[in-house]
Structure formats: structure tokens, C-alpha cells
Amino acid sequence: MRKEMKRILVTGACGQIGTELTVALRRKYGNDNVIATDLKQETCLPEGSGPYHQLDVLDADAIESLITRYDIDTVYHMAALLSAVGEKNPQLCWNVNMNGSINVMNLAVKHSLTRVIIPSSIAVWGPGTPAIAPQETALHPTTMYGVTKVCGEVLGDYYVRKYGLDVRGLRYPGIISSEALPGGGTTDYAVEIYYEAIRNGRYTCFVREDTRLPMMYMPDCLKATIDLAEADFADLKHHTDFNVGSMSFTVAEQAAAIRKFIPEFEIEYAPDFRQDIADSWPDGVDDSSAREEWGWSPSHDLESMTRDMLEKLRVRFETGVLV
Ligand code: VAH
């Protein structure tokens, strides 16, 4: 089985993580060696920054034609419906998240791909999970998205053992980024709050102020994803289910961090159906396995993320990129 990662296919390349992951991979491997795909017809990536194809991950033949056309050796399979949007259409969530993943894994085996990266999430846990989620604990998700993430983990592990396929994944916490809005997750509030703080000086949050969840700034998310992908397989005891943490905070703490830069910022709370999902997830994670097996170490905390987010968003509002 080839070990080099040289020709990469990204699915869900217009998603919150996919957008910035594609840019980071192109910077590292070269624009033309990273093929971006998404369900969207038009690319969301800068014109001329590398190949883009519209792709439905339920169409195995379309995936296969890209694998052969570009001699792909690695797939970052980012395409998925997230927790909140998945609860509005659980059957579609199952279909896309599971059949998309098994299409990628079957084609990876057929074409002897070097590696497949398939994200998991803190959504694998449920109400009985300890406040700090251990690496090994019972997985009782309460969302269809979480069910698909548990299934994705064990399906990936099966392909490692049954076919010798190199499948890797990490349990993303809420991801916060300035470049692409999240696509229908429960943790979207932690991103929207920064945009609204600059746009309107105020935000109505859809979870309570005492809601505490594990979160991660996008630069750390990209670092974790690519570091895991590049780790020596022989060093890994886990494959598809690494806990990765960086910080945990309540909405009230996040609002206070924003007020250090925007003193007049106001927030009110109007919890909706996403409160029950957030309440089912842990406050934090034990990521000692990721630290031991592939050297995971985050760089950002709430203050440095807040400063960077507000600086970057202010520029984009002032230059008219955002309104
Ligand atoms: C969601 N942001 O909220 C995603 C994530 C932390 C959960 O997978 O659905």
C-alpha cells in the first residue's frame, strides 16, 4: 500500500472546516495536488487556486472518476450534515453521512489509497458521559449526526482491521473560524457571536449563558487534522476516534472575552431545540491519547482566539467582504 500523501481529494471543501483545510493543504502540497469538491455547483475557494469539481458523495462512480483522473492517494472526507441540520432531516443525515463514508472507504480499498481521513465529533457522546470525556467510554449519542459519527468511527476501524486501510479521524469539538460560517451545527453560536458583535454590537444566543462546551480555534483544528494525517501509522493505537481538546468555555465567558475588545457588546439568550443537544455533550475532553500517540498540542486559548477573530472579522467588514 502506497504511503506517500501527494494527490489529495477533499470532499465537503466548501464547509466550515473544508474551506480552510483545502487552503492549508494546497499551501503544503501545491494547488494542483489538492482536488476540492463539494455539493455546491460553484467553488467557494479563490478562483485559480486549484481544481474544483461539484460532487455528490452519494455518487460512488463520480468519486471514482476523480480518483482515477487525478491519481488520488488520499481523501479528506469532510462532507457531512451536522447535528442541528441533521435533526431536521435524520434520514438524509444518515444517508449522506454513512453512504458517503462507505463509498469513500470502498473506493480507497479498491484503489489502494494511502489514507482516508474521516472526522468524528464530540457528538458521539451523550447525557451519561463524564463531564470530561475520557478517550474510552460508552458512546450514547442523542442525535442522528452523533449516531453517524459513532458508526463512522467503528466502520473506519473495521476497514483498518479487515482491509488494512489506513483510516484516521478525530473527535472535533466546536470549531470557530473567521473565513467560513459553520453549516448547521449546535456550536454555531460560538462563531455567530463574533460576527454579530462586530455587525450589531449585540447577539441573541440560542443556548443558555451557562452552556459550557469543548471548543477549538480553526488554526488548531487544521494543525490537529494534518498532524494526525501525517503521523506514523505504527505510532497509533487509536485510528478513527481521537479526542482532541484545546479549550472549554461558557457563553458568558465568551461574551466577557469579547467585551475586553468591544466593551459595549450586549447579549441575550433565547434557547431553542439546540439546547438539549448541547446539554447532552460533555464540558471538556481528555485528549491524552492524541498527545501521546501523535504529539497533539493546541496553541490558542479563548483570549487569543477572540482577539484574532475580532481583528480578522473587523477587516472583512471594513473592506466590504462582509456586511
Ligand atoms: C456541530 N460543530 O455542532 C458540529 C460539531 C461539536 C459538534 O460536530 O454539529
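In the block above lies the structure referred to throughout.
Colleague: Please give an account of empty space enclosed by the protein that cites residues and values.
Modeller: Counting across every chain of the model gives two cavities of 30 Å³ or more. Looking at the largest cavity, its volume works out to about 70 Å³. Lining of the largest cavity is provided by His77, Ala79, Ala80, Asn97, Met98, Ser101, Ile118, Pro119, Thr148, Lys149 and Gly152. Breaking the lining of the largest cavity down by element, the ones donating at least two residues are α4 (90–110) and α5 (144–163). Here the lining of the largest cavity is composed, by residue class, of five nonpolar, five polar and one charged. In this model, the second largest cavity occupies a volume close to 30 Å³. Take the lining of the second largest cavity: its biggest share by element is three residues, from α5. Broken down by class, the residue content of the lining of the second largest cavity amounts to two nonpolar, three polar and two charged.

Colleague: Run through the layout of surface pockets, naming residues and quoting values.
Modeller: Volume-wise, the largest pocket comes out at about 970 Å³. Around the largest pocket, the lining is made up of 46 residues, and of these Gly15, Met78, Ala80, Leu82 and Gly183 lie nearest the centre. In terms of residue count, helix α1 (residues 16–29) provides more of the lining of the largest pocket than any other element does, four residues in total. Classifying every residue of the lining of the largest pocket by side-chain character gives 25 nonpolar, 16 polar and five charged. Counting residues domain by domain, the lining of the largest pocket receives three or more from each of domain 1 (8–174 + 216–243) and domain 2 (178–214 + 247–318).

The rules we used
- Residues numbered from 1 in each chain as written.
- Predicted model: local features only at pLDDT ≥ 70, side-chain atom pairs only at ≥ 80, totals over all residues.
- Heavy atoms only, no water.
- 1 Å grid on protein atoms, 1.4 Å probe; cavity = no way out; pocket = protein on both sides within 12 Å on 5 of 7 lines; lining within 4 Å.
- Points joined across faces, edges and corners; volume = space filled by probe spheres on them.
- Helix = DSSP H or I, 4+ residues; strand = E, 2+ residues; numbered from the N terminus.
- Nonpolar A, V, L, I, M, F, W, Y, C, P; charged D, E, K, R; others polar.
- Domains from an automatic or database assignment.

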